[in-house]
Amino acid sequence: MAIEGIDLTSMRSMVEEFPKLLGRILPDETLQTKLHKIELDKISGVCMIGMGGSAIAGRLCASLLLESANKPLISVQDYHVPSFLDSNWIVIATSYSGNTEETLSAVQEAIQKGCMTFGITTGGRLSQLIDTQNIARVPEGFQPRAALPILFSMQLSMLEALLRKSSTDLTSIGKKIELASKEWDTHMISPAELAQSLRNKIPLFIGSHFTEGIAYRAKCQVNENAKSAAFFAVLPEANHNEIESIADFKSAKIQPIFIRSLTESSRVKLRIEATTSIYEEEMDSCIHLQVKADSAAEELLQLVFYLDLLSLEMAVLRNVDPVGVERISKLKKILSSN
Ligand code: F6R
């Protein structure tokens, strides 16, 4: 399975196609029907397993379904699944390569516990562990993190089928995001300008509630694409600890970037404004990122797209190859040979 028009050796080519990849590859009819047939009232919850770039889709789907999911959605980024998982839990495991050891270990445990297990992958050992008809195949050749729009589309459609939610029209959202991105410079700083202003600084992406997964994705993308330090924090929790450390932010060149959302409650809005004014007593300005969007899904995906581009622009300024992940591969090699 290949996707025409994308240069898989270029991170820019992969990232720029983000909007067009949304909704392009969805679960086939057999899989959709199977998910639809699962009796919802017999399910305790859905456990999403995956690591790194393959874990993000699940975390973002959980954010999106946070207010409306009628079952618990949990995310496992580890070797083990929680002890309370039993055969009433559905598992969706994502591993782009299909060979990530933590994911395989957690999947084996889930299968032993009798969980009905689905996989999203290009193949690898994951596709051998799980029933063929429970596998959603995705095209090969991407860096896993750049396959996010594909993995996210697959995962959201599977969850929507399972939880009997109406399906989000990701193709239309992709088109809207593409148009919206052309107007970013009329109302917000562009990814390239933001990358310039982050030169020699360490971004601290701050999310809250719905935007937590977005902040986490941004941190990971800056780490992997720009090979640069980046952190993320979540409000309100960070107001109970991290706020006391801000005296170090200026000397450590930490730049707080608040990820804002149209879904923010009035308390969260007030909290972000108050946090900003306390931070700014001890450092230069905080940055706030907010996009214009008509729905939560569009807002979430547009912010992820924007921040993916930011990580790319940071890579350009740092003169590093955004594609390769030499150290991740080195570590995987050591672990697989022992
Ligand atoms: C590399 C990347 C990594 C991988 C992770 C797990 O682009 O994003 O974070 O996603 O090492 O590997 P997979 O996705 O193959 O299970």
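Residues numbered from 1 in each chain as written. Predicted model: local features only at pLDDT ≥ 70, side-chain atom pairs only at ≥ 80, totals over all residues. Heavy atoms only, no water.

**Some details on the pairing of strand E2 (residues 73-76)**
(1) Moving on: Bridging between strand E1 (residues 45-49) and E2 involves four bridges; their strand directions are parallel. Opposite Cys47, over in E2, you have Ile74 as the bridge partner.
(2) Moving on: Handedness of the crossover joining E1 and E2 through helix H4 (residues 56-65) is recorded here as right-handed. (Pairing = 2+ DSSP bridges. Helix = DSSP H or I, 4+ residues; strand = E, 2+ residues; numbered from the N terminus. Right-handed = clockwise from strand over helix to strand, strands pointing away.)

**Topic: the site of the ligand**
(1) Moving on: As a structural note, the neighbourhood of the ligand is formed by 14 residues, with Ser54, Ser95, Thr100, Gln143 and Arg145 the closest of them.
(2) Moving on: Here an oxygen atom of the ligand sits 3.0 Å away from a polar atom, N or O, in the main chain of Gly53.
(3) Moving on: Here an oxygen atom of the ligand sits 3.5 Å away from a polar atom, N or O, in the main chain of Pro144.
(4) Moving on: Within the complex, 94% of the 400 Å² of free accessible area of the ligand lies under protein.
(5) Moving on: Tallied by class, the residues present in the shell around the ligand amount to four nonpolar, seven polar and three charged. (Near = heavy atom within 4 Å. Polar contact = N/O pair within 3.5 Å; in protein donor to acceptor, adjacent residues only side chain to side chain. Areas by Shrake-Rupley, 256 points an atom, 1.4 Å probe, with all protein chains shown as cover. Nonpolar A, V, L, I, M, F, W, Y, C, P; charged D, E, K, R; others polar.)

**Here's the deal with a nonpolar patch on the surface**
(1) Moving on: A cluster of nonpolar residues, Tyr79, Leu331 and Leu335, forms a patch on the protein surface that exposes about 270 Å² of accessible area.
(2) Moving on: Along the chain, Leu335 turns up in helix H14 (residues 326-336). (Patch = residues over 30% accessible without salt bridge, like charges linked within 9 Å, V, L, I, M, F, W, Y side chains within 5 Å. Salt bridge = Lys/Arg side-chain N within 4 Å of Asp/Glu carboxyl O.)

**A look at the packing of aromatic side chains**
(1) Moving on: A complete count under the given rule lists seven aromatic pairs for this structure.
(2) Moving on: Ring geometry for Phe84 versus Trp89: centroids 5.6 Å apart, planes at 50°, classification tilted.
(3) Moving on: Their ring planes at 45° and their centres at 6.1 Å tell us that Phe258 and Tyr279 sit as a pair that is tilted. Taken together, the residues Phe258 in strand E8 (residues 254-259) and Tyr279 in helix H12 (residues 266-280) connect sequence positions 21 residues apart. Of the two residues, Phe258 and Tyr279, neither departs from the other in class, the shared state being buried.
(4) Moving on: Among the aromatic residues, those joined into a ring-pair cluster are Phe18, Trp184, Phe305 and Tyr306.
(5) Moving on: We note Arg59 situated over the ring of Tyr216; from NZ or CZ to the ring centre the distance is 3.7 Å. (Phe/Tyr/Trp six-rings, centres within 6.5 Å; stacked < 30°, edge-to-face > 60°. Buried < 20%, exposed > 50% of the residue type's maximum accessible area, 1.4 Å probe, protein only. Lys NZ or Arg CZ within 6 Å of the ring centre and 35° of its normal.)

**A look at the sheet that holds strand E5 (residues 135-137)**
Adjacent strands of a sheet form backbone hydrogen bonds with each other and so pair up, either parallel or antiparallel.
(1) Moving on: The strand order E2-E1-E3-E4-E5 describes an open sheet built from five strands, whose pairing is parallel. Pairing within the sheet leaves two strands with one partner each, and these edge strands are E2 and E5. Mean inter-strand twist for the sheet, computed between neighbouring axes without regard to direction, equals 15°.
(2) Moving on: As defined by bridge partners, strand E4 (residues 116-121) adjoins E5 across three bridges and the pair is classed as parallel. Across the sheet, Ile120 pairs through a bridge with Ala136, a residue of E5.
(3) Moving on: Against the sheet, helix H7 (residues 148-162) contacts E1, E2, strand E3 (89-95), E4 and E5, and its axis sits at roughly 170° relative to E3. (Axes fitted to C-alpha atoms, helices over the stretch in contact; angles between N-to-C directions. Contact = heavy atoms within 4.5 Å.)

**Description of unusual backbone geometry**
(1) Moving on: Between Leu235 and the following residue, Pro236, the backbone shows a cis peptide bond with an omega angle of 10°.
(2) Moving on: Checked against the element boundaries, Pro236 lands in the loop between strand E7 (231-235) and E8.
(3) Moving on: At Lys227, a position not held by glycine, the phi torsion is positive, near 50°.
(4) Moving on: You can see Lys227 is positioned in the loop between helix H11 (212-226) and E7.
(5) Moving on: Relative accessible area serves as the criterion here: at 26%, Lys227 is assigned to the partly exposed category.
(6) Moving on: Positive phi values are uncommon outside glycine, yet Lys253 reaches one of about 55°.

**Looking at the packing of H4 against H7**
(1) Moving on: Two elements in contact, H4 and H7, have axes separated by 9 Å at closest approach and are oriented at 50°. For the element pair H4 / H7, the angle class is oblique. As for the relative orientation of H4 and H7, their crossing is right-handed in sense. For the pair H4 and H7, the contacting residues are Ile56, Ala57, Gly58, Leu60, Cys61, Leu64 and Leu65 in the first and Leu148, Leu151, Phe152, Gln155, Leu156 and Leu159 in the second.
(2) Moving on: A per-class count over the contact of H4 with H7 returns 11 nonpolar, two polar and no charged. (Parallel < 35°, antiparallel > 145°, perpendicular 65-115°, else oblique. Left-handed = near helix turned anticlockwise from the far one by under 90°.)

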